[in-house]
Protein chains: 2
Amino acid sequence: MAKEKLVKEITSMDEDFAKWYTDVVSKAELMDYSSVKGCMIIRPYGWAIWENIQRIMDGMFKETGHENVSMPMFIPESLLQIEKDHVEGFAPEAAWVTHGGNDKLEERMCVRPTSETLFCDHYKNIIHSWRDLPKLYNQWCSVVRWEKTTRPFLRSREFHWQEGHTIHATAQEAQAETIQMLNIYAEFAEKYLAIPVIKGVKTEKERFAGAVDTYTIEAMMHDGKALQSGTSHFFGDGFAKVFGIQYADKENKLATPFQTSWGVSTRLIGAIIMTHGDDSGLVLPPAVAPIQLVIVPIASHKEGVTEKATEIYENMKKLCRAKIDLTENSPGWKFAEYEMKGVPLRLEIGPRDIENNQCVIVRRDNGEKITIGLDELEEKIPELLGAVHDGLYEKALANRSEKTYVAKTMEEMIDIAENKPGFIKAMWCEDRACEDALKEKAGVSSRCMPFEQESLSDKCVCCGKPAKKMVYWGKAY
Amino acid sequence: MAKEKLVKEITSMDEDFAKWYTDVVSKAELMDYSSVKGCMIIRPYGWAIWENIQRIMDGMFKETGHENVSMPMFIPESLLQIEKDHVEGFAPEAAWVTHGGNDKLEERMCVRPTSETLFCDHYKNIIHSWRDLPKLYNQWCSVVRWEKTTRPFLRSREFHWQEGHTIHATAQEAQAETIQMLNIYAEFAEKYLAIPVIKGVKTEKERFAGAVDTYTIEAMMHDGKALQSGTSHFFGDGFAKVFGIQYADKENKLATPFQTSWGVSTRLIGAIIMTHGDDSGLVLPPAVAPIQLVIVPIASHKEGVTEKATEIYENMKKLCRAKIDLTENSPGWKFAEYEMKGVPLRLEIGPRDIENNQCVIVRRDNGEKITIGLDELEEKIPELLGAVHDGLYEKALANRSEKTYVAKTMEEMIDIAENKPGFIKAMWCEDRACEDALKEKAGVSSRCMPFEQESLSDKCVCCGKPAKKMVYWGKAY
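As the structure is a computational prediction, the values presented were derived from the model and not from experiment.

A. The environment of Asp 58 of chain B, seen in detail. Residues and elements named next belong to chain B. Residue placement: Asp 58 occurs in helix α2 (residues 44–63). You can call Asp 58 buried: its relative accessible area is 13%. Sequence separation of Asp 58 and Pro 297 is 239 residues, and the distance between their C-alpha atoms is 37 Å. With near-sequence residues (within four places) excluded, Asp 58 lies in contact with Asn 68, Asn 138 and Trp 140.

B. Inspection of the pairing of strand β11 (residues 226–236) of chain A at higher detail. Residues and elements named next belong to chain A. Of all 11 residues in β11, 10 are buried, a share of seventy percent or more. By the bridge criterion, 5 bridges tie β11 to strand β14 (residues 258–265) in an arrangement that is antiparallel. Looking at β14, one finds that Phe 234 is bridged to Thr 260.

C. Looking closely at the interface of chain B and chain A. At the junction of the two partners, chain B supplies 54 residues and chain A supplies 54 residues. Around 4,400 Å² of area is buried between chain B and chain A when both sides are counted, 55% of it from carbon and sulfur atoms. Counting the surface chain B buries against chain A, the share from its top three residues, Pro 44, Ser 70 and Met 73 of chain B, is 13%. Viewed at the interface, chain A and chain B are joined by 4 salt bridges. Residue Glu 51 of chain A is joined to Lys 62 of chain B by a salt bridge in which the shortest nitrogen-to-oxygen separation is 2.7 Å. Where chain B touches chain A, the interface holds 25 residue pairs in polar contact (both at pLDDT 80 or more). No other element matches strand β5 (residues 95–100) of chain B, which puts 6 residues into the side of chain B that touches chain A. Its residues placed into classes, the side of chain B that touches chain A shows 29 nonpolar, 13 polar and 12 charged.

D. Here's a closer look at the side chain of Lys 135 of chain B. Residues and elements named next belong to chain B. Note that Lys 135 resides in strand β7 (residues 135–144). In this structure, Lys 135 is buried with no salt-bridge partner, the nearest side chain bearing the opposite charge being Asp 132 at 5.1 Å. Residues within four places of Lys 135 in sequence aside, it is in contact with Tyr 123, Ile 126, Ile 127, His 165, Thr 166 and Ile 167.

E. Looking closely at the packing of helix α9 (residues 305–319) of chain A against helix α12 (residues 377–402) of chain A. Residues and elements named next belong to chain A. Where α9 contacts α12, the two axes come as close as 10 Å, and the packing angle between them is 50°. The orientation of α9 relative to α12 falls into the category oblique. Like other packed secondary-structure pairs, α9 and α12 cross with a definite hand, here right-handed. Within the contact between the two elements, α9 uses Ile 312, Met 316 and Leu 319 and α12 uses Leu 377, Glu 378, Ile 381 and Pro 382. Residues of the contact of α9 with α12, tallied by class, amount to 6 nonpolar, no polar and 1 charged.

F. A look at the sheet that holds strand β16 (residues 322–324) of chain A. Residues and elements named next belong to chain A. Reading across the sheet, the 5 strands line up as β16-β15-β17-β18-β19 and stay open at both edges, with mixed pairing between neighbours. Strand pairing shows two members of the sheet lacking a second neighbour, β16 and β19 (369–373), which therefore form its edges. Ignoring which end each strand starts from, the neighbouring axes of this sheet average 25° apart. Pairing geometry for strand β18 (residues 358–363) and β19, over 5 bridges, is antiparallel. Its bridge partner lying in β19, Val 360 is registered against Thr 371.

G. Spatial organisation of the pairing of strand β21 (residues 423–428) of chain A. Residues and elements named next belong to chain A. Of all 6 residues in β21, 6 are buried; the element is thus mostly enclosed. Neither face of β21 is left uncovered, since the one carrying Phe 423, Lys 425 and Met 427 and the one carrying Ile 424, Ala 426 and Trp 428 both have all their residues buried. Two strands pair when backbone bridges link them, and strand β20 (residues 404–406) and β21 are joined in this way by 3 bridges, in the parallel orientation. Within β21, the position partnered with Tyr 405 by the bridge is Ile 424. After leaving β20, the chain enters helix α13 (residues 410–419) and then returns to the sheet as β21, a path that is right-handed. As paired elements, β21 and strand β23 (residues 469–474) share 5 bridges and run antiparallel to each other. Of the residues in β23, the one forming a bridge with Ala 426 is Val 471.

H. Inspection of the relation of the copies chain B and chain A at higher detail. Aligned on chain A, chain B shows an RMSD of 0.0 Å; the corresponding rotation is 180° and the shift along the axis is 0.0 Å. Taken together, the rotation and translation relating the two chain copies correspond to the operation of a two-fold axis. Scanning chain B for the C-alpha nearest the rotation axis identifies Val 97 of chain B, at a separation of 2.1 Å.

I. Examining the nonpolar core more closely. The biggest cluster of nonpolar side chains holds 83 residues, and the ones touching the most others in it are Phe 74, Val 97 and Val 111 of chain A together with Phe 74, Val 97 and Val 111 of chain B. Sequence-distant contacts of Val 97 of chain B, that is, excluding residues within four places in its chain, are made with Ala 95, Trp 96, Val 97 and Val 111 of chain A together with Phe 74, Leu 105, Arg 108, Met 109 and Val 111 of chain B.

J. Here's a closer look at the packing of aromatic side chains. All told, the structure shown has 34 aromatic pairs over all chains when counted by the stated rule. The interplanar angle of 75° and the centroid separation of 5.9 Å between the aromatic rings of Trp 50 of chain B and Trp 140 of chain B together place this pair among those described as edge-to-face. Here the residue Trp 50 of chain B occupies a position in helix α2, and Trp 140 of chain B occupies one in strand β7, the gap between them amounting to 90 residues. Here the aromatic rings of Phe 235 of chain B and Phe 239 of chain B are separated by 4.9 Å at their centres, their planes lie at 70°, and the arrangement is edge-to-face. Note on Phe 239 of chain B: relative accessible area 1%, which makes it buried. Cluster of aromatic residues (ring-pair linked, three or more members): Trp 50, Phe 61, Trp 140, Tyr 185 and Trp 262 of chain A. The ring of Tyr 45 of chain B has Lys 341 of chain B sitting right over it, with the charged end atom 4.9 Å from the ring centre.

K. A look at the pattern of salt bridges. Overall, the coordinates contain 52 salt bridges over all chains when judged by the stated rule. Notably, a salt bridge pairs Arg 364 of chain B with Asp 278 of chain B, separated by 2.8 Å at the nearest N-O pair. Residue Arg 364 of chain B is located in the loop between β18 (358–363) and β19 (369–373), and its partner Asp 278 of chain B is located in the loop between α8 (267–276) and β15 (293–297); the two are separated by 86 residues in the primary sequence. Linking Lys 317 of chain B and Glu 314 of chain B is a salt bridge whose minimum nitrogen-to-oxygen distance equals 3.4 Å. Placement of both Lys 317 of chain B and Glu 314 of chain B in helix α9 (residues 305–319) is noted, with a separation of 3 residues, approximately one turn of the helix. Residue Glu 314 of chain B is classed as partly exposed on the basis of its relative accessible area, which comes to 37%. One connected set of salt bridges, linked through shared partners, spans Glu 29, Glu 337 and Lys 341 of chain A.

L. Molecular detail of the sheet that holds strand β5 (residues 95–100) of chain A. With antiparallel pairing, 6 strands are arranged side by side in an open sheet as β4(A)-β6(A)-β5(A)-β5(B)-β6(B)-β4(B). Sheet topology places β4 (74–76) of chain A together with β4 (74–76) of chain B at the edges, where each strand pairs with a single neighbour. The average undirected angle you get between the axes of adjacent strands in this sheet is 45°. In terms of strand pairing, β4 of chain A meets strand β6 (residues 103–111) of chain A through 3 bridges, oriented antiparallel. When the bridges of β6 of chain A are listed, Pro 76 of chain A appears paired with Met 109 of chain A.

M. Main features of helix α1 (residues 17–27) of chain A. Residues and elements named next belong to chain A. Those residues of α1 not exposed but buried are Phe 17, Trp 20, Tyr 21, Asp 23, Val 24 and Val 25. Measuring from the side-chain oxygen of the N-cap residue of α1 to the backbone nitrogen of Ala 18 gives 3.2 Å; that N-cap residue is Asp 16. Downstream of α1 by one or two residues, Glu 29 has phi in the positive range, about 60°.

Each value, and the rule that gives it
Residues numbered from 1 in each chain as written. Chains lettered and ligands numbered in written order. Predicted model: local features only at pLDDT ≥ 70, side-chain atom pairs only at ≥ 80, totals over all residues. Heavy atoms only, no water. Helix = DSSP H or I, 4+ residues; strand = E, 2+ residues; numbered from the N terminus. Buried < 20%, exposed > 50% of the residue type's maximum accessible area, 1.4 Å probe, protein only. Contact = heavy atoms within 4.5 Å. Pairing = 2+ DSSP bridges. Buried area = accessible area lost by both parts, 1.4 Å probe. Salt bridge = Lys/Arg side-chain N within 4 Å of Asp/Glu carboxyl O. Polar contact = N/O pair within 3.5 Å; in protein donor to acceptor, adjacent residues only side chain to side chain. Nonpolar A, V, L, I, M, F, W, Y, C, P; charged D, E, K, R; others polar. Lys, Arg positive; Asp, Glu negative; His and termini not counted. Axes fitted to C-alpha atoms, helices over the stretch in contact; angles between N-to-C directions. Parallel < 35°, antiparallel > 145°, perpendicular 65-115°, else oblique. Left-handed = near helix turned anticlockwise from the far one by under 90°. Right-handed = clockwise from strand over helix to strand, strands pointing away. Least-squares fit on C-alpha atoms with pLDDT ≥ 70 in both. Core = buried A, V, L, I, M, F, W, Y, C linked by side-chain atoms within 4.5 Å. Phe/Tyr/Trp six-rings, centres within 6.5 Å; stacked < 30°, edge-to-face > 60°. Lys NZ or Arg CZ within 6 Å of the ring centre and 35° of its normal.

What follows is the structure, encoded as structure tokens:
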């Protein structure tokens with residue numbers, strides 16, 4: 001038998017969650033560090049998760065009438081500067097190209113941190129009449145923000161995302177689009193990633209640079225911290241006005257259109273890891289798992305085992321993304337390897353099983369072992385994949401419920417923030433000063449004002465003045 | 001009836017092929033110019049062609065065991081400089097990032113012009129043993145080369161492509177990979193794009209910077225010029241040596257692996273346009289056409305026409321990528337519009353057709369009108385799409401045959417090069433001086449030394465010394 005690799009050791013979650021995270025992303029072979037500071041290499045197993053996310057989400061976008069386009073990756077400085085808030089938000093972390101070959105550029109360009117300005121520039125060329133509206137565009141690409149501290153998938157200088165950019169004749173239509181896309185993100189997170197999310201609107205402080213309103217889906221990670229997992233922005237006609245985008249309406253009068261943008265990124269992979277992972281490694285939701293079922297033959301040197309396992313594999317790969325591991329590594333090593341990689345289901349089959357016309361299925365989410373007749377596999381595997389999804393979702397929801405607290409006074413807020421990592425629901429007067437004070441004194445930021453409002457008290461948790469909104473507060477990635 | 005857009009006018013091919021080309025890419029809404037000099041916006045219709053190319057080709061790559069990854073878009077200058085030939089080839093046209101936010105970078109980085117150096121840097125981290133080989137990687141991304149003169153899809157400062165990068169234990173294995181990928185490119189060009197190509201190897205002068213051998217597929221455009229449409233490079237162990245990539249072989253001795261890379265780009269869209277297009281606009285091969293069949297109701301105000309057309313559309317969209325145009329534009333306007341956009345088949349249906357339970361199909365490739373019973377559509381549409389593909393391929397092949405010449409002397413070479421745009425087959429002694437002389441005196445470059453060699457004469461067309469290879473010469477995009 002070939003020499004085996006050692007079973008991969010990872011830090012336990014409770015000991016050091018941050019270290020556990022970086023162990024998992026490396027050991028599960030999702031990524032590798034590169035010589036380019038702050039940028040990462042996404043390895044085949046990690047990229048395959050992103051491809052599954054892309055495929056499903058792209059289908060949802062196209063079903064709602066969106067078309068993909070491709071904008072340049074550069075933005076000339078003068079173009080970035082047209083919208084005042086936008087440039088203030090993004091210029092400080094832009095990567096600047098100053099030379100082409102040996103020549104200094106007449107005007108420096110940044111690598112896009114986001115593409116609102118490029119889309120506006122294009123809209124100005126192609127929108128003339130009400131017949132040209134709406135444009136419902138999206139692009140899959142990478143963008144660059146020169147962050148000081150980076151973490152794989154969560155914050156890196158270059159990251160992959162999709163950015164939707166739409167333009168409409170009326171504010172109502174643009175607002176409806178903004179909410180529609182937020183709902184698509186929430187549906188995607190819950191239905192495909194098994195991650196429950198809270199939908200809401202950001203406070204002014206947390207708004208996207210240049211937006212009138214920023215909507216968000218917020219997920220809670222295993223350690224109680226929040227991860228902003230997708231945002232959808234309503235721009236009003238602010239960008240259109242400064243870029244001079246106008247169209248002739250049905251009465252042939254010049255009018256200004258309204259815009260939105262919305263995005264999710266490879267952060268979603270970070271969300272998957274930190275929502276579902278455990279001390280054995282990654283745990284992947286079946287809908288985006290590159291391998292949904294791994295088949296491990298037991299005592300494969302015994303007659304007929306490899307053949308039977310292969311026969312099952314041939315059938316299973318018609319049902320789901322299946323893999324068979326026929327390497328010379330021991331079953332124990334293989335178990336640990338595919339647990340590390342978060343494969344939702346493992347199928348074990350050995351000589352005794354074959355005699356009994358059965359096999360053993362092990363669920364990655366809860367370790368449950370189930371003996372199943374070989375004739376039942378076609379029916380049971382899809383059911384079990386569904387069960388793993390549901391199990392993951394329920395577990396994540398339970399974690400969030402358990403770690404969601406209510407604070408009615410500043411003392412309660414500080415106490416919870418210090419001692420109980422999680423979401424804190426509390427009332428707020430909508431005054432920026434209180435939001436800043438909560439950050440300073442309790443170390444929490446506003447995650448969102450949820451659509452589902454509750455009246456916990458009639459006073460602001462900070463200043464005691466009349467409360468206007470219930471807000472989710474927390475520490476965030 | 002709504003006011004119609006004017007029928008789009010384009011320059012005729014024979015009058016000015018370059019102008020015809022830029023008219024088509026704009027009027028068919030494949031692209032738009034941007035404020036970023038030398039970069040272009042790929043519009044939804046153009047991007048949808050690229051998505052079809054990606055989907056089919058990605059399937060071919062995965063079937064042959066390749067995995068997708070994602071490397072950073074930046075290359076630190078010191079990394080680019082490790083391979084001497086490579087840096088000489090690419091540094092002069094690199095776009096350089098010198099600042100992150102307000103800070104000057106310690107080391108400037110270029111935006112990747114190609115990613116060999118990044119892959120090598122990664123291989124060094126992940127390859128230790130013969131068990132880690134081969135790695136068969138690919139990535140879909142955009143790259144940047146600071147070109148002086150640019151043309152949509154053919155040469156732009158940023159362009160989209162795929163770059164495959166593989167690493168193998170033996171030179172033989174790497175060479176076989178190089179040829180396998182060239183064959184996949186040729187199969188793709190012929191089977192899906194209806195573009196006949198010549199497979200061969202580049203001369204040393206035309207080789208990729210850092211490669212031992214560069215293989216190519218060369219296509220002939222309508223105007224007789226050559227378009228290099230895909231290349232596959234064998235690197236030997238040159239990159240591995242300078243990057244210090246080594247592995248323990250089966251005898252536990254340190255060995256150096258062998259590498260390849262291969263790529264095709266959005267140039268393929270340029271190839272489609274210039275191979276199949278005509279004076280009415282674009283003509284798309286069915287396999288990559290965003291719309292394969294457009295349904296245009298005639299006299300749609302008459303009772304039952306819109307309903308019948310819609311019923312047909314509902315059936316057709318199960319068979320192919322179908323679209324129905326129910327706008328108020330006139331049938332004549334719609335005919336011109338979808339001809340401009342190169343839709344392979346048009347289905348016309350009016351009151352008389354409905355009475356006779358039939359419709360008219362018009363082929364974009366040759367204008368043929370065919371009356372078909374509505375009950376036959378399901379059988380006939382796929383057949384007709386196949387016929388359009390075959391028609392396009394045959395026409396392109398005929399154009400190439402007609403414009404391929406043989407030159408046995410320098411006088412013949414100069415005469416043909418001046419008066420008959422096309423490929424010129426001629427013998428060559430393998431001396432660089434003759435290749436340079438042919439460029440200077442006849443204005444032609446070597447396109448490739450084809451796999452299918454012929455012995456046209458025993459003397460070099462230029463110097464008269466013994467000939468070693470038959471070469472395709474021509475003017476190229």
